[in-house]
Structures are given as structure tokens and as C-alpha cells.
Amino acid sequence: MRRLVRETKLSVDDFIYPLFIEEGKDIETEISSMPGIKRFSLDKLSPELDEVTTLGIPAVLLFGIPKNKDSKGQETWDDEGIIQKTIRFIKKDYPNLMVISDVCFCEYTDHGHCGIISGGGIISGEDVDNDKTLTNISKQALSHARAGVDMVAPSGMMDGTIASVRAALDGEGFSDLPVMAYSVKYASAFYGPFRDAADSAPSFGDRNTYQMDPANRREGMHKAKFDSDEGADILMVKPALSYLDIISDLKAEFDQPIACYNVSGEYAMIKAAEKQGWIDGPRVMMESLLSMKRAGADIIITYFAKDAARLLHNKTSQ
Ligand code: PBG
């Protein structure tokens, strides 16, 4: 009876699995605050991709950790950059795995911010220059497109990103390439473990001048509307668990698929409490993923993708 009347069902088809790829050789480093999640060099990546594809996870989201950082994050648009090489490698060896690239600068800039810094900022005197950054975002997205990526996901929260990326892609013949917008991204403390993982913590100030205030709900709709009008194919809310109301708002308002990002801190909390023996980790994992789906998410980006897929497969074979 419960199976017949169940309103929400999780499936492995819902998941996108994030991957951290580091420039270098022979690297397979576990991220201490994210048990089970590793930074890989390209030569060590195949077993992980074998697992992801065997479990039937449809897509991966790539984050790169370069050797060299600079003030602009120039490696992001280098056709021989770490992400570009990874995209080519995966599309060659795993053609059926969808490859999505995160398009941002914070892992590539020496100051750790998501764009170009210029003077005149209101808070610290220096700030990210929205409009100058847009040109570089487009260069980066185009370079990923040339490498063969299946979808780009700009995550820097610069106004006008989607319009400029769309125009750049269309201008070079990539008019079929979809864009997933990090539309509603909050300035969240839940990103802590990711910044260790991706080595992307800002060296001064914070991201409050471009990421959203967690107190604001209507502003989320406002941001998503911009991205929708500018041609975003998928709208994303990030983080997920503390922002289920925002997921639900977007689902009610827009016809595009809605994605949410179950971020590093949400993963770390469950893993840590499970390790202490304080909660039933797998059940709490499934309950929280289910709540995201129930709130309206069509797609869940999650570090739990492999764990959850394994559980879902066991259930259906019973
Ligand atoms: C920014 C970016 C961030 C995450 C993904 N892309 C965080 C930030 O603003 O520092 C966080 C993801 C997570 O916490 O899992 N390019």
C-alpha cells in the first residue's frame, strides 16, 4: 500500500555526481572533511568513472584544481587546462556519461574570488568587477565547449552571466549546448568543506557582495527570473537542505527543470554524525535527498550519488 500511494520517488536518474580533478600525476587524496570523496589526477580517474557508470549515475559535474593560480584565473580558458583535458578524456572513454563543467574562477585565482578584482568596492575597497568578469566567463565556457562538454554550469553569481555565455556559445556554433544556471546561490557557511577540497577559500573578504543573503526569499525568484529570461535551460538552488522553500518557489513559478546542490557541508554533517554513531547515516541521507525531491527538485547534485545509487539498486533487486 505504501508503495502504491507514495508521492515522491528517488531514482538514480536524479543524480549528478561532483568530481574534483587536480593537475598532476598519481593523486588520489581523500578530503578529510568529506569522507569518501577524493581529489584525483587524470591518470587515477578511470576506476571512479567505472563505478559511476556501473551504478548508472547519468552525469558528473567537474571542478578543476590547477597547478598555477593567477589574479585572473587564466587557466580556466586554456584549451590545455585541467578541465579541458578531463572533458576530452571522459568523452573519449565514457561517451555515454554526461559531462557538466562548473564555470567559475575561485579555484584558479590567487585571491580565491569568483572573478576579476578591481578597486572601488564598497566593503573592503576591493571587489569583484562584475562586468569585466563576464568576458572571462564566456571565454571559459567556450573553451569547455570546444573540449566537448555536454553542459556548462556558471556558478559565480555575476549578473548577466547567462546572456553573455549564451551569446558566446551561439556565436561559435554551440547553439545546442545547454546552460545550467546557479541561479539562486546563497553566501553559505555550508560550503566550508568544498573550499578545502577545491582550495578556493577567498584570501580576503567574503563572497557577500555576489552571493545572496540567506535571509532573502523573494530575491531568489528575482535572480531566477533573470536567468530564465536570459535563456537558462536548468535553474539551480544552492545549498539545498536549508533552502527547500526556495526550491519549492522556483518549481511553482518556472517550467524549466529545477536542480538543487546538496553541498559539501550538508554531506559532511551527515557523515560526521554517522561516524560518531549518533544517527543512522544511510537513512538520514535518503530522507534528506527525498525532501529535496519532494520540495520540487528534478535534479540533485550530490556527493551522496554513489551511496544513494547503491541503496536504490539494492532495494529494487529485493
Ligand atoms: C564556486 C562554488 C562553490 C561550490 C561550488 N562552486 C562554493 C563557493 O562559493 O565557495 C560549493 C559546493 C559545495 O559546497 O559542495 N565556484
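Only a predicted model underlies this, so the values are computations on that prediction, with no experimental measurement involved.

**Student:** Break down a positive patch on the surface for me, with residues and values.
**Tutor:** A contiguous patch of positive charge, built from Arg2, Arg3, Arg6, Lys9 and Lys315, is present on the exposed surface. In this fold, Arg2 is placed in helix 1 (residues 2-5). On the basis of relative accessibility, which here comes to 67%, the residue Arg2 falls in the exposed class.

**Student:** Help me get a handle on the packing of aromatic side chains, residues and values and all.
**Tutor:** As enumerated under the stated definition, the model contains nine aromatic pairs in all. Between Tyr182 and Tyr261, the aromatic rings sit 6.3 Å apart at their centres with planes inclined by 45°, giving tilted as the arrangement. Here the residue Tyr182 occupies a position in strand 9 (residues 180-185), and Tyr261 occupies one in strand 11 (residues 258-262), the gap between them amounting to 79 residues. As far as the burial class goes, Tyr182 and Tyr261 line up, both buried. One aromatic cluster is present, built from ring pairs that chain together Phe20, Phe63, Tyr182, Phe194, Tyr261, Tyr267, Tyr303 and Phe304. Over the face of the ring belonging to Phe194 we find Lys238, whose NZ or CZ atom lies 6.0 Å from the ring centre.

**Student:** Please give an account of the layout of surface pockets that cites residues and values.
**Tutor:** By volume, the largest pocket amounts to about 670 Å³. Lining of the largest pocket is provided by 17 residues; of these, Arg6, Lys9, Leu10, Leu312 and Lys315 occupy positions nearest its centre. Among the secondary structure elements, those contributing two or more residues to the lining of the largest pocket are helix 10 (281-295) and helix 11 (305-317). Across the lining of the largest pocket, the residue classes tally to seven nonpolar, four polar and six charged.

**Student:** So what's going on with empty space enclosed by the protein? Which residues, and what values?
**Tutor:** Applying the stated criterion to the full structure yields two cavities of 30 Å³ or more. What the largest cavity holds in volume is close to 130 Å³. Surrounding the largest cavity, 15 residues form its lining, Cys106, Lys185, Phe194, Arg207 and Lys238 being those nearest its centre. The residue inventory of the lining of the largest cavity, partitioned by class, reads six nonpolar, three polar and six charged. Computed from the structure, the second largest cavity encloses a volume of approximately 30 Å³. Its residues placed into classes, the lining of the second largest cavity shows five nonpolar, one polar and one charged.

**Student:** I'd like to hear about the pairing of strand 4 (residues 59-65), residue by residue, with values.
**Tutor:** By the criterion of burial, strand 4 is predominantly enclosed, with seven of the seven residues buried. Alternating positions in strand 4 separate into two faces, Ala59, Leu61, Phe63 and Ile65 on one and Val60, Leu62 and Gly64 on the other, with burial throughout. As defined by bridge partners, strand 1 (residues 15-22) adjoins strand 4 across seven bridges and the pair is classed as parallel. Within the sheet, the bridge partner assigned to Ile16 lies in strand 4 and is Ala59. Note that strand 4 and strand 5 (residues 98-103) share four bridges and pair parallel. Each bridged residue has a counterpart across the sheet, and for Leu62 the counterpart in strand 5 is Ser101. Tracing the backbone out of strand 4, into helix 3 (residues 82-93) and back to the parallel element strand 5 gives a crossover that is right-handed.

**Student:** I'd like to hear about the environment of Thr209, residue by residue, with values.
**Tutor:** Looking at where Thr209 falls in the secondary structure, it is placed in the loop between helix 6 (192-197) and helix 7 (218-229). Judged by relative accessible area, Thr209 falls into the partly exposed class, the value being 37%. The sequence separation of Thr209 and Pro18 amounts to 191 residues, and the corresponding C-alpha distance is 26 Å.

Conventions and cut-offs
- Residues numbered from 1 in each chain as written.
- Predicted model: local features only at pLDDT ≥ 70, side-chain atom pairs only at ≥ 80, totals over all residues.
- Heavy atoms only, no water.
- Patch = residues over 30% accessible without salt bridge, like charges linked within 9 Å, V, L, I, M, F, W, Y side chains within 5 Å.
- Areas by Shrake-Rupley, 256 points an atom, 1.4 Å probe, with all protein chains shown as cover.
- Salt bridge = Lys/Arg side-chain N within 4 Å of Asp/Glu carboxyl O.
- Lys, Arg positive; Asp, Glu negative; His and termini not counted.
- Charge placed at Lys NZ, Arg CZ, Asp CG, Glu CD.
- Helix = DSSP H or I, 4+ residues; strand = E, 2+ residues; numbered from the N terminus.
- Buried < 20%, exposed > 50% of the residue type's maximum accessible area, 1.4 Å probe, protein only.
- Phe/Tyr/Trp six-rings, centres within 6.5 Å; stacked < 30°, edge-to-face > 60°.
- Lys NZ or Arg CZ within 6 Å of the ring centre and 35° of its normal.
- 1 Å grid on protein atoms, 1.4 Å probe; cavity = no way out; pocket = protein on both sides within 12 Å on 5 of 7 lines; lining within 4 Å.
- Points joined across faces, edges and corners; volume = space filled by probe spheres on them.
- Nonpolar A, V, L, I, M, F, W, Y, C, P; charged D, E, K, R; others polar.
- Pairing = 2+ DSSP bridges.
- Right-handed = clockwise from strand over helix to strand, strands pointing away.

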